[in-house]
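Listed below are the residues making up each chain.
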Amino acid sequence: MTPRVRAVLAVSVLALLIGGVSLYTVLTDEITGTVRSTESSEFESVPMEGPDGGTYAFMSTQPGTDDVPVTYDPCQTIRIVVNPDRAPRNADEILDDALDRMEETTGLQFQVDGTTDADPLSTEAGDAGDRPPVQISWSDAEAVPDLDGDVAGLGGSTWVEEDGFRQYVTGIVVLDAEDLDDLGEDVTRTVLLHELGHLVGLAHVDDRDELMHPYGDLPDWGPGDLAGLAALGGTCD
Ligand SMILES: [Zn+2]
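So, how was this worked out
Residues numbered from 1 in each chain as written. Predicted model: local features only at pLDDT ≥ 70, side-chain atom pairs only at ≥ 80, totals over all residues. Helix = DSSP H or I, 4+ residues; strand = E, 2+ residues; numbered from the N terminus. Buried ≥ 20, exposed ≤ 12 C-beta atoms within 10 Å, placed from the backbone. Contact = placed C-beta atoms within 7 Å. Expected span 1.5 Å × (residues − 1). Arc of directions from axis to C-beta. Pairing = 2+ DSSP bridges.

(A) The overall build of the protein chain, seen in detail. Scanning the protein chain from terminus to terminus reveals five helices and eight strands. Traced from its N-terminal end to its C-terminal end, the protein chain shows the element sequence α-β-β-β-β-α-β-β-β-β-α-α-α. A buried classification covers 44% of the 237 residues belonging to the protein chain. Sequence-distant contacts, at least 24 apart, represent 71% of the contacts inside the protein chain between residues at least 6 apart.

Quick look at the structure:
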């Protein structure tokens, strides 16, 4: 396939997921109160144990494996654009803080390139080499029906496959600013971290001591989360 065909394929994978039909679990729903998922296929990913205990699981794995994760390229800065449509007052600080924490825990580099008014669920088709930025949107259920009810956020990434190797090239995080406004700044940060966890490739785990538990309400990463984040990141050398 040409790079263009691969990129289009990846975008339709994301569209399928938004329709709720998922072969490749890369997008997931959250419900607040604490954070809870609506998906029935919740713990399909194979859970693994971290070196310091705890559990983690990957959203997507390489073909033929159940423990080699699909990741972003650690040699490329993950560029981000923000749709601030419903952004809370301290949105920039909350995002900067969460991205700093992601860089510390993964080794991946993030860079906010600016703002956009694009649809929160849009992904731009293009050549695989021309990676569209990750879009983080402060939105609500009126604009994004998937946020209806108690869903606080969505997060996930799209991979492309080349020569049998899969790599994330772009993704989305969508936050329900209306729900989060009621829950306060600390919970907003928690939900954002959890969604960024999905973005870089962590799946839910059935362990209340991890932030990636679907009801997770920890203020920060647990031991398994940290092990998974380290496996999904790395430095460029
Ligand atoms: Zn989740």
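Moving on, there is more to tell.
(B) Spatial organisation of helix α2 (residues 91-106). For α2, spanning 16 residues, the distance from its first C-alpha to its last is 22 Å, which sits close to the expected 22 Å at 1.5 Å a residue. When α2 is considered as a whole, its buried residues turn out to be Ile94, Leu95, Ala98, Leu99, Met102, Thr105 and Thr106. Each buried residue of α2 lies within a common arc of 130 degrees when the element is viewed along its axis, so the set occupies one face. Away from its buried face, by an angle of more than 90 degrees, α2 presents the exposed residues Glu93, Asp100 and Glu104. Where α2 is buried, its residues meet β4 (78-83), β5 (110-115), β6 (134-139), α4 (185-200) and α5 (223-232). Immediately beyond the C-terminal end of α2, within one or two residues, lies Gly107, with a positive phi of roughly 85 degrees.

(C) Quick look at the environment of Ile136. Locating Ile136 in the fold gives a position in strand β6. Residue Ile136 is classed as buried on the basis of its C-beta count, with 30 C-beta atoms lying within 10 Å. Sequence-distant contacts of Ile136, that is, excluding residues within four places in its chain, are made with Ile80, Val82, Leu95 and Val173.

(D) Highlighting the environment of Glu93. Along the polypeptide, Glu93 turns up in helix α2. Through-space distance from the C-alpha of Glu93 to that of Arg189 is 9.8 Å; in sequence the pair is 96 residues apart.

(E) Examining the pairing of β6 more closely. In terms of burial, β6 is largely enclosed, as six of its six residues are buried. Side chains of β6 alternate between two faces, with Val134, Ile136 and Trp138 and Gln135, Ser137 and Ser139 buried alike. Pairing analysis gives four bridges linking β4 to β6, with the strands arranged parallel. Looking across to β6, one finds that Asn83 is bridged to Ser137.

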